[in-house]
Amino acid sequence: MLHLSRNASYSICRRSFYRSVSTWTPLTTAFNTLPTKRINFTRDDVGLFRLPELRSSEGFYLLRDNVESRTQELIEEAISQQRIRKMVDIFDELSDSLCKVADLAEFVRIAHPKRKYTQSAEEACISICSVVESLNTHKPLYQALSKVVQHGDTQPTSEVDQHVARLFLFDFEQCGIHLPEQERLRVVRLNDAILQLGQKFMNGAVQPSILPRSYVPEAIRNYFPTSGENVIITGLCTNAENVRMREAAYRLYLQPFETQESLLRDLLLCRYELARSCGFETYAHRALNGSTMERPERVQEFIDVLSEKLRPRADADFALMSEMKQRESGEVGVFVEVWDTPYFTTQLKRQSLEEQANEFLPYFSLGGCMDGLDNLLHALYGVRLQNTDMEPGESWHNDIYKLAVVHEEEGLLGYIYCDFFERAGKPNQDCHFTIQGGKRLPDGTYQLPIVVVMLGLPQPRWSGPTLLSPARVDNLFHEMGHAMHSMLARTEYQHVTGTRCSTDFAEVPSVLMEYFAGDPRVLRTFARHFQTNEPIPENMLRRLCASKHLFAASETQLQVFYSALDQKYHSTASQLSGSTTEMLRKVQGRYYGLPFVENTAWQLRFSHLVGYGAKYYSYLVSKTIASWIWQTYFEANPFNRQAGEKYRKEILAHGGAVPSRKLVDNFLQRDMTPNVLADSLITEIDSNESKIKDLIISRN
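Residues numbered from 1 in each chain as written. Predicted model: local features only at pLDDT ≥ 70, side-chain atom pairs only at ≥ 80, totals over all residues. Heavy atoms only, no water.

Student: Even after reading the chapter, I still don't get the overall build of the protein chain, so can you show me in this structure?
Tutor: Counting secondary structure elements, the protein chain contains 27 helices and ten strands. Across its three principal axes, the protein chain shows a C-alpha extent of roughly 85 × 70 × 60 Å. Looking at the 700 residues of the protein chain, the share that counts as buried comes to 53%. About 30800 Å² of surface is accessible on the protein chain, with carbon and sulfur atoms providing 50% of the total. Here the protein chain contributes 77 positive and 86 negative side-chain charges, whose respective centroids are spaced 2 Å apart. (Helix = DSSP H or I, 4+ residues; strand = E, 2+ residues; numbered from the N terminus. Buried < 20%, exposed > 50% of the residue type's maximum accessible area, 1.4 Å probe, protein only. Areas by Shrake-Rupley, 256 points an atom, 1.4 Å probe, with all protein chains shown as cover. Lys, Arg positive; Asp, Glu negative; His and termini not counted. Charge placed at Lys NZ, Arg CZ, Asp CG, Glu CD.)

Okay, here's the thing in structure tokens:
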């Protein structure tokens, strides 16, 4: 087959530009240039993700028909009196068959640049949803599973089998199939109402505030765009140098809207009624069933304990911001407000740490970062990331990379497709998609996981490779943490593989990777100038690492406040007797160090209340557990192979097959109490604060 580079002159120019190209590894070279588009004359397309059905978009219809047929066969096997397989095996194959099509179709619907593929994928999503809805009302299937969970299977089962079977049963009962018919229909209606209310609330949360010109004081009117007689405020101007502009944007963009208030109240009430119908005390109890924290009372205790420990530290942050504001304004007695905190965090980086815009970029080429990841993963787990050529038709765009994840002894573990570059129509988000979950197959082999990591980076240009800001380096490590959770898991069942675990545990591996991305010993292994190959200067490296922890106490306090509000909204119905803003005012007064701003209602733009209802605390708990793991196993040596192998064996390998609370307790050899969790985060904050002070003193 003849291979022609898409732009030979571009490739020659690129090679001549870099002075140290000979020192690059193959992985660095690959990711510092766009994948070469090859003209195919002889080979047939293998199909998207190597699925022959997807040589064309019409293949989704075949995939849909096949899975519908297999679903019926599995239902018949599950309810048969002559069943010879474990019930959990049948249910996991049923889940695997559906997820292979649903997850694939959902990704293609979002990411594929061709309309015919996105349309076919969307139709496949709708079809699979219809199949799932029919399963949720299939009482003989439910009864067969329920009997096994309550009385045991006719086949020998393990503790993991029983745990996964209970998870399937809980999922089944979310639609009320276990309830009398009238109650079940009520649950169906409530679920539908919650879906519609959530969609409307999220849409309203991102709409601009459009106000008559007369409503906006003339002195600040020129800060914002206008349309006819209206002033348009599209968001918070958090980093504007003009304090009046910051304040005006905050007050005007976050003013109350009765429509949003009604949508939020109705959403919370429907969730409460749904939980009560399904036998839970509150929606928070329902949402936390099977989670790491297990019940909302434990979450609340954690929030309260952490809040108390944070208060003096956050107050110190706000006092420093107030001093900065007074110096900048020349006014005595002014204090920092909620609209000021992002601005003064940026200012402190510039003033105390002398951080200049984009000064770190040349040291973090995409290829260099990928090489750093490869070396880290090899040190910890004996794993290599190998850039792999794709077959014709395998990818959805010509700028996709494919990584084979290969263990030095176990061989191929799975594949990561890297969709890293921005393009028209592509979602502007950093995320991880599971295309195929790993699982043990009947013949003893392992179904390899396949995932996609999606970022929104600028494409490399003639003058150099794609360069990452420190924040984007963190994001890359974070998303690759999710991907490696999928790669390193070796579960019996795909229903619980990798990231398919409780929400408040799923972020632990990805957040832990951010600790590696912020460690100077790790950064030294790959932070090199893309032109000269010179390592990042030591003083610059120290400033970079310190800058990630500025005002950590006040930022953590903000997350505690958000988590407390989310828990309060999803507790007893009596909490919903007043307006959601009045509840916000009370919670802010207790959990946040800056006062509530009258005639504002930022919760009406807090879209996380839809996707993370009663679970917003999850990131905070995941960060706390990740911090605890870091301090215990990796802070002394981030390349510790023994610690890495233990972490893989006792945490990553299990996915959600073992209750996450049990995993954490066993791995850290200590009961995960709210006090222990809070102490681990406070220890980290204090340690970083000390390092920042030492650095600032040394520079003065």
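Let's pick the thread back up.
Student: Looking at this structure, how should I read the packing of helix α4 (residues 87-111) against helix α7 (residues 159-173)?
Tutor: Any two packed helices are characterised by how steeply their axes cross, that is the angle between the axes, and by the distance between the axes. Interaxial distance between α4 and α7 falls to 10 Å at its minimum, and their mutual angle equals 55°. Between α4 and α7, the crossing angle belongs to the class labelled oblique. The chirality of how α4 crosses α7 is left-handed. Where α4 abuts α7, its residues V88, F91, D92 and S95 lie against D161, V164, A165, F168 and F172. Here the contact of α4 with α7 is composed, by residue class, of six nonpolar, one polar and two charged. (Axes fitted to C-alpha atoms, helices over the stretch in contact; angles between N-to-C directions. Parallel < 35°, antiparallel > 145°, perpendicular 65-115°, else oblique. Left-handed = near helix turned anticlockwise from the far one by under 90°. Contact = heavy atoms within 4.5 Å. Nonpolar A, V, L, I, M, F, W, Y, C, P; charged D, E, K, R; others polar.)

Student: Help me understand the sheet that holds strand β10 (residues 450-457) in this model?
Tutor: Strands pair in a sheet through their backbones, by hydrogen bonds, and they do so in one of two ways: parallel or antiparallel. Ordered in space as β4-β5-β6-β10-β7, the five strands form an open sheet in which the pairing is mixed. The sheet terminates laterally at β4 (383-387) and β7 (431-436), the two strands that pair on one side only. Shown here is a sheet whose adjacent strand axes are inclined to one another by a mean of 25°, direction ignored. Pairing geometry for β4 and strand β5 (residues 401-407), over five bridges, is antiparallel. Across the sheet, the residue bridging to L385 is V405, located in β5. Against the sheet, helix α15 (residues 366-381) contacts β4, β5, β6 (411-421) and β10, and its axis sits at roughly 150° relative to β4. (Pairing = 2+ DSSP bridges.)

Student: Can you help me understand unusual backbone geometry in this one?
Tutor: Positive phi outside glycine occurs at F49, with the angle close to 55°. Residue placement: F49 occurs in the loop between α2 (26-31) and α3 (59-79). Here F551, not a glycine, exhibits a phi torsion of approximately 55°, which is positive.

Student: Explain the sheet that holds strand β3 (residues 230-233) to me, please; I cannot follow it from the model alone.
Tutor: The antiparallel open sheet is built from three strands, whose spatial order is β1-β3-β2. Looking at strand neighbours, the two that pair on one side only are β1 (209-212) and β2 (226-227), the edges of this open sheet. Pairing geometry for β2 and β3, over two bridges, is antiparallel. Bridging from a neighbouring strand, T226 pairs with V231 of β3.

Student: I tried to follow empty space enclosed by the protein on my own but got confused; where do I start?
Tutor: Rolling a probe over the atoms, with the probe sized like a water molecule, indicates the empty space that remains. Within this structure, the stated rule accounts for two cavities of 30 Å³ or more. Contributing to the lining of the largest cavity are L377, Y381, M480, G481, M484, L488, P509, L512, M513, F516, Y647 and L652. Elements supplying a minimum of two residues to the lining of the largest cavity: α15, α16 (470-488) and α18 (508-517). Class assignment of the residues belonging to the lining of the largest cavity gives a composition of eleven nonpolar, one polar and no charged. (1 Å grid on protein atoms, 1.4 Å probe; cavity = no way out; pocket = protein on both sides within 12 Å on 5 of 7 lines; lining within 4 Å. Points joined across faces, edges and corners; volume = space filled by probe spheres on them.)

Student: Hey, could you run me through the packing of aromatic side chains in this one?
Tutor: Centre distance and the angle of the planes are the two values used to describe a pair of aromatic rings. According to the stated counting rule, one finds 33 aromatic pairs in the structure shown. Ring centres 5.9 Å apart and planes at 45° place the aromatic pair F31 and F420 in the tilted group. Of the two residues, F31 sits in helix α2 while F420 sits in strand β6, which places them 389 residues apart along the sequence. Side by side, F31 and F420 carry an identical accessibility label, which is buried. An angle of 85° between the planes, with centres 5.7 Å apart, marks the rings of F318 and Y592 as edge-to-face. (Phe/Tyr/Trp six-rings, centres within 6.5 Å; stacked < 30°, edge-to-face > 60°.)

Student: How should the packing of helix α13 (residues 296-329) against helix α14 (residues 341-351) be read in this particular structure?
Tutor: Following both chains from N to C, one finds α13 and α14 inclined at 80°, their axes separated by 10 Å at the closest point. As the angle between them shows, α13 and α14 are arranged roughly perpendicular. The residues of α14 that touch α13, namely those facing F318, L320, M321, M324, K325 and E328, are T341, Y343, F344, T345, Q347, L348 and Q351.

Student: Just to check I follow, could you spell out the pattern of salt bridges for this structure?
Tutor: Side chains that carry opposite charge are capable of pairing whenever their charged atoms lie near each other. Using the criterion set out here, one finds 39 salt bridges in the structure. Between D686 and R313 there is a salt bridge; the shortest N-O distance is 2.7 Å. Remark: R313 occurs in helix α13 and D686 occurs in helix α27 (residues 674-699); sequence separation between them is 373 residues. Accessibility expressed as a relative area gives 27% for R313, which makes it partly exposed. Residues joined by salt bridges that share partners form a network here, namely R70, E73, E77, R85 and E93. (Salt bridge = Lys/Arg side-chain N within 4 Å of Asp/Glu carboxyl O.)

Student: Would you take a moment to explain the environment of H529 for this structure?
Tutor: On the secondary structure map, H529 appears in the loop between α19 (520-523) and α20 (538-547). When residues no more than four places from it in sequence are discounted, the contact partners of H529 are P362, Y363 and E534. A polar contact of 3.1 Å, which involves the side chain of H529, links it to the backbone nitrogen of Q531. (Polar contact = N/O pair within 3.5 Å; in protein donor to acceptor, adjacent residues only side chain to side chain.)

Student: Please explain the side chain of T282 as it appears in this structure.
Tutor: Within the element layout of this structure, T282 appears in the loop between α11 (258-277) and α12 (283-287). Take T282: its relative accessible area is 3%, and that puts it in the buried class. A polar contact is formed between the side chain of T282 and the backbone nitrogen of A284, at a distance of 3.3 Å. When residues no more than four places from it in sequence are discounted, the contact partners of T282 are Y272, A275, H570, S571 and T572.

Student: Could you clarify how one ought to interpret the environment of P470 in this entry?
Tutor: Take P470: it is sitting in helix α16. The sequence separation of P470 and E181 amounts to 289 residues, and the corresponding C-alpha distance is 55 Å.

Student: What exactly am I supposed to notice about the nonpolar core here?
Tutor: Generally speaking, soluble globular proteins have nonpolar side chains that are buried together. Ranked by internal contacts, the top residues of the largest apolar core, which has 165 residues, are F364, M370, I416 and F420. Apart from the residues within four sequence positions on either side, F420 is in contact with F31, L366, M370, K426, V453, L455, G456, L457 and L476. (Core = buried A, V, L, I, M, F, W, Y, C linked by side-chain atoms within 4.5 Å.)

Student: Is there a simple way to think about the side chain of H163 in this case?
Tutor: Within the element layout of this structure, H163 appears in helix α7. For H163, a relative accessible area of 12% corresponds to the buried category. From its side chain, H163 meets the backbone oxygen of G656 in a polar contact 3.3 Å long. Those residues within four positions of H163 in sequence are excluded, and the remaining contacts are G656, A657, V658 and P659.

Student: Even after reading the chapter, I still don't get the pairing of β6, so can you show me in this structure?
Tutor: Within a regular strand, the side chains alternate between the two sheet faces. Among the eleven residues that make up β6, eight are buried, leaving the element largely enclosed by the rest of the structure. Looking at chain direction, β5 and β6 are connected through seven bridges and run antiparallel. Note that in β6 the partner of L403 across the bridge is I416. The hairpin turn running from β5 into β6, its antiparallel successor, is three residues long. As judged from the six bridges shared by β6 and β10, these two strands associate in the parallel manner. Among the inter-strand pairings, C418 is bridged to a residue of β10, identified as V453.

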